[in-house]
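Structure at a glance
So the chains spell out like this:
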Amino acid sequence: MIHFVWAVALFVLGSLIALDYRNLALRVYDIIAMVTPGGPPGPRFTPDHLRLVWACLAVAGAVTAVVRGWSLFG
């Protein structure tokens with residue numbers, strides 16, 4: 001059950017960051033820059049790259065949630 005909950009949470013968070021029009025990806029990028037030892041990521045890693053990474057995580061979370069949900073409730 002915990003895998004299903006984590007997969008749904010990952011899907012929701014990934015979708016919010018990847019598809020948000022209010023620049024949530026910029027806030028996440030700034031948080032990454034603040035907590036990363038050695039400074040922010042390189043200048044070639046833009047918030048658009050971050051959105052792409054979170055979109056991939058959202059798809060993986062959605063697939064995992066469907067598979068786990070099918071095995072739990074199907």
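Here's a quick rundown of the structure.

Right, let's talk about the packing of aromatic side chains for a bit. Applying the stated rule across the entire model yields two aromatic pairs. Taken together, a centroid distance of 5.6 Å and an interplanar angle of 80 degrees make the contact between Phe4 and Phe73 edge-to-face. With a gap of 69 residues between them, Phe4 in helix 1 (residues 2–19) and Phe73 in helix 3 (residues 47–73) connect regions that are remote in the sequence. Since its relative accessible area comes to 57%, Phe73 is described here as exposed.

Another aspect to go through is the environment of Val5. As for its placement among the helices and strands, Val5 is situated in helix 1. As for Val5 and Asp20, which are separated by 15 residues in sequence, their C-alpha atoms are 22 Å apart.

This brings us to a nonpolar patch on the surface. The grouping of Met1, Ile2, Val5, Trp6, Leu72 and Phe73 at the surface amounts to a nonpolar patch, some 700 Å² of accessible area in total. Broken down by element, the residue count for the nonpolar patch peaks at three residues, all from helix 1.

Below, the discussion takes up the nonpolar core. By size, the foremost hydrophobic cluster in this structure holds six residues: Ile17, Ala25, Val28, Tyr29, Leu50 and Trp54. For this core, the secondary structure elements donating two or more residues are helix 2 (24–35) and helix 3. In terms of residue count, helix 2 provides more of this core than any other element does, three residues in total. Ignoring sequence-local partners within four residues, the contact set of Leu50 consists of Ala25, Val28, Tyr29, Ile32 and Phe45.

The rules we used
Residues numbered from 1 in each chain as written. Predicted model: local features only at pLDDT ≥ 70, side-chain atom pairs only at ≥ 80, totals over all residues. Heavy atoms only, no water. Phe/Tyr/Trp six-rings, centres within 6.5 Å; stacked < 30°, edge-to-face > 60°. Helix = DSSP H or I, 4+ residues; strand = E, 2+ residues; numbered from the N terminus. Buried < 20%, exposed > 50% of the residue type's maximum accessible area, 1.4 Å probe, protein only. Patch = residues over 30% accessible without salt bridge, like charges linked within 9 Å, V, L, I, M, F, W, Y side chains within 5 Å. Areas by Shrake-Rupley, 256 points an atom, 1.4 Å probe, with all protein chains shown as cover. Salt bridge = Lys/Arg side-chain N within 4 Å of Asp/Glu carboxyl O. Core = buried A, V, L, I, M, F, W, Y, C linked by side-chain atoms within 4.5 Å. Contact = heavy atoms within 4.5 Å.

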